[in-house]
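# Coordinate inspection notes
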Amino acid sequence: MTTKTSKLKLSSLLALALLACFGCGKSGSNPPPVKIISPPANTDPAQYGTPYGGVPATKDIVMYEVNIKTFTPANFQGVEARLDSIKALGVNVIWLMPTYPIGTDSKSVGSPYCVKDYEGVNSAFGTLDDLRTLVAQAHALGMAVILDWEANDTSWDNAWITTHPSWYVQNSSGVIQQLSNYTDVAALNFANNDMRAAVIKAMKYWIFTANVDGYRCDYADGPPTDFWTQALDTLNNIKTHKLIYLAEGTNGSEISAGFQLGYAFSYYSTIKSVFGGSNASGLFATNSSELASLPSPGLKLRYITNHDDANSDGSTIQLYGGKQGALSAFVIAAYMDGVPLIYSSQEVGYPNKINFFNNVPVDYTANPDMVAAYKQIIAFRTAHEAIKTGTLTPYSDANVVAFEKVSGSDDVLVLANTRNSSYTFSVPAVIRGSWIDGFTNASFELTPTYTFAPYEYLVLKKN
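In this text, all values refer to a predicted model and were calculated from it rather than measured experimentally. Every chain is numbered on its own, with residues counted from 1 as its sequence reads. Confidence filtering applies because this is a predicted model: local features only for residues at pLDDT of at least 70, side-chain atom pairs given and counted only at 80 or more, and all residues used for totals across whole chains, interfaces and linings. Side-chain measures here rest on the full set of heavy atoms in the structure, leaving out hydrogens and waters.

## Quick word on the layout of surface pockets
- Only protein atoms enter the calculation, which uses a 1 Å grid: trapped sets of points that fit a 1.4 Å probe without letting it out are cavities, open sets showing protein on both sides within 12 Å along at least five of seven lines are pockets, and any residue with an atom within 4 Å of a point is a lining residue. Grid points are joined across faces, edges and corners, and a volume is the space filled by probe spheres set on the points. The computed volume of the second largest pocket comes to approximately 470 Å³.
- Together, 23 residues line the second largest pocket, and Tyr-113, Glu-150, Tyr-182, Asp-218 and Tyr-219 are the ones closest to its centre.
- Secondary structure elements with two or more residues in the lining of the second largest pocket: strand E6 (182-187) and helix H11 (307-312).
- A helix here means a DSSP run of H or I that spans at least four residues, while a strand means a run of E at least two residues long, and both kinds are numbered starting from the N terminus. By residue number, the principal contributor to the lining of the second largest pocket is E6, which donates three residues.
- Gly is placed with the polar residues, together with every amino acid not listed as nonpolar (Ala, Val, Leu, Ile, Met, Phe, Trp, Tyr, Cys and Pro) or charged (Asp, Glu, Lys and Arg). Among the residues making up the lining of the second largest pocket, the classes are represented as ten nonpolar, six polar and seven charged.

Rendered as structure tokens:
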């Protein structure tokens, strides 16, 4: 359904006010004349609900990407029914994949990023009220909610195609152009200020109308940086909300424009390569180069899968050699530097690719041992500032990713075997000695050598 009909037009409000005032002041019993004050032309929608006061600091975020089509039923209510389980993982931010109506014209291929109406709700998922209920329930459980935003293009049956053709990129003959090699979408024209204003207006709309807490912006490298500066500056003028901005992009200029988080494309590629047999120490060079590319205080979103990668590359079970390998990879990504992401289905070890264009029901009761491990890994991260902001020192060799992170008196050591075989690691002298197992709190003596089981990981602490 579309929510545009819920907004009274300014002209209607003025007409009603004039009718109510007709004849005022003609007798002593009538009220005095009403002074009509016209609101600004771009009046924002009324705020629905109470703005969420628990939005975490960027360094504290644990994000969960919701592919609604993996839930049963595949709608807002299906997701709402799983919110307690999502929260129990240690999650504090939910990213909802696109919730808007998608194009149904002949060029459409069913992509959720083919937006037909920026201010509408995909009826397959429910109603505006259903979305509001989902957001409110997430807030009640202590989780912020961000929406997925596609600013580069629209579907070919979006109303803007006929009402505002100048809002799109056109060739010399005035024919609207597709975006790059994506035939199902029409490219928006960022040289048109009216188009920019309309997109920003729609972004503001959801903050007020559904009380959401920010956006993950698809292909953020596409629009010009000055658009993102304009958009995020405008959103930041909503002083009642603390907002989260995640860029699916790699440009440091996006952080300068106002995004707090950028994608870790290179890190993902490298960790896949490491678990495929490449030298484990190479992950630190990638980590350093990614962080160096970001202006302060930007951070990287670290993941071992997401909706794109689960679609193209396979599940974490396929990519990292099974359940234990997937957990080992997640420990590395979640603890090294940056902010961790869990993609819905990952925590239960879904074994196959997921085409996010289609409904793919996932059994969220599967592999409770794996779910328990994710909870353990996230809980330790949440409790240790060293992991979030500490200084990193690497100790890896070709097969084991090993690093220490220290913040004040908080000292954490992470070691993970990236091979599906036993391996004896020569422990550097500087980290030998007495530690505490981070998950069991048992004493742990790190001797000159340690023999890892296949894909085994250790998380140790000093205090």
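## Some words on empty space enclosed by the protein
- Following the criterion strictly, the structure yields three cavities of 30 Å³ or more and no others.
- Counted as a void, the largest cavity has a volume near 90 Å³.
- Taken together, Asn-67, Ile-68, Lys-69, Met-97, Pro-98, Tyr-100, Ile-102, Pro-112, Asn-122, Phe-125 and Phe-356 make up the lining of the largest cavity.
- Looking at side-chain class alone, the lining of the largest cavity contains eight nonpolar, two polar and one charged residues.
- For the second largest cavity, the full set of lining residues is Thr-305, Ala-310, Ser-315, Thr-316, Tyr-343, Ser-345, Gln-346, Tyr-350, Asn-352 and Ile-354.
- When the residues that make up the lining of the second largest cavity are grouped by side-chain class, the tally is four nonpolar, six polar and no charged.

## Examining the environment of Ala-140
- Tracing the sequence through the fold places Ala-140 in helix H4 (residues 128-140).
- With 88 residues separating them in the primary sequence, Ala-140 and Tyr-52 have C-alpha atoms 9.0 Å apart.

## Some details on the nonpolar core
- The definition of a nonpolar core used throughout is a set of buried Ala, Val, Leu, Ile, Met, Phe, Trp, Tyr and Cys residues joined through side-chain atoms within 4.5 Å. The rule is simple: take the accessible area with a 1.4 Å probe, protein chains only, and divide by the maximum for that residue type; under 20% is buried, over 50% is exposed, in between is partly exposed. Judged by nonpolar contacts, the single largest core of 132 residues is most densely connected at Met-63, Trp-149, Trp-206, Tyr-215, Ile-271 and Tyr-335.
- Among the elements that make up this core, the one with the highest residue count is helix H6 (residues 193-209) (ten residues).
- Contacts were defined at the residue level, with two residues in contact if any of their heavy atoms lie within 4.5 Å. Ignoring sequence-local partners within four residues, the contact set of Trp-206 consists of Tyr-100, Tyr-118, Glu-119, Gly-120, Val-121, Leu-128, Leu-131, Leu-147, Trp-149, Asn-211, Val-212 and Tyr-215.

## Concerning the pattern of salt bridges
- Salt bridge criterion: a side-chain nitrogen from Lys or Arg within 4 Å of a carboxyl oxygen from Asp or Glu. Here the structure, examined in full by the defined rule, presents 16 salt bridges.
- Glu-119 is the salt-bridge partner of Lys-201, the closest N and O atoms lying 3.2 Å from each other. Of this pair, Lys-201 sits in helix H6 while Glu-119 sits in the loop between strand E2 (93-96) and H4; the two residues are 82 residues apart in sequence, bridging distant segments of the chain.
- According to the relative accessible area criterion, Glu-119 is buried, its value standing at 6%.
- Asp-148 is the partner of Arg-216 in a salt bridge, and the nearest nitrogen-oxygen pair spans 2.8 Å. Of this pair, Arg-216 sits in strand E7 (residues 214-217) while Asp-148 sits in strand E3 (residues 144-149); the two residues are 68 residues apart in sequence, bridging distant segments of the chain.
- Residue Arg-216 is classed as buried on the basis of its relative accessible area of 0%.
- Taken together, the shared-partner salt bridges in this structure form one network comprising Lys-59, Asp-60, Glu-385 and Lys-388.

## What about the sheet that holds strand E11 (residues 339-343)?
- At least two bridges found by DSSP between two strands is the condition for calling them paired. Read around the closed barrel, the eight strands follow the order E1-E2-E3-E7-E8-E9-E10-E11; overall the barrel is parallel. Averaged over neighbouring strand pairs, the angle between their axes works out to 25° when direction is ignored.
- For helices, the axis comes from a line fit to the C-alpha atoms of the stretch in contact; other axes are also lines fit to C-alpha atoms, and the angle between any two N-to-C directions lies between 0 and 180 degrees. Each of E3 and E7 is contacted by H6, which is oriented at about 130° to E7, the strand it contacts most.

## Things to note about the pairing of strand E12 (residues 391-394)
- Sheet topology note: the E12/strand E13 (residues 400-407) ladder contains four bridges and is antiparallel. Counterpart to Thr-393 in the pairing with E13 is Glu-404.
- Here E12 folds back onto E13, and the loop between the two strands holds five residues.

By themselves these figures say nothing about function.
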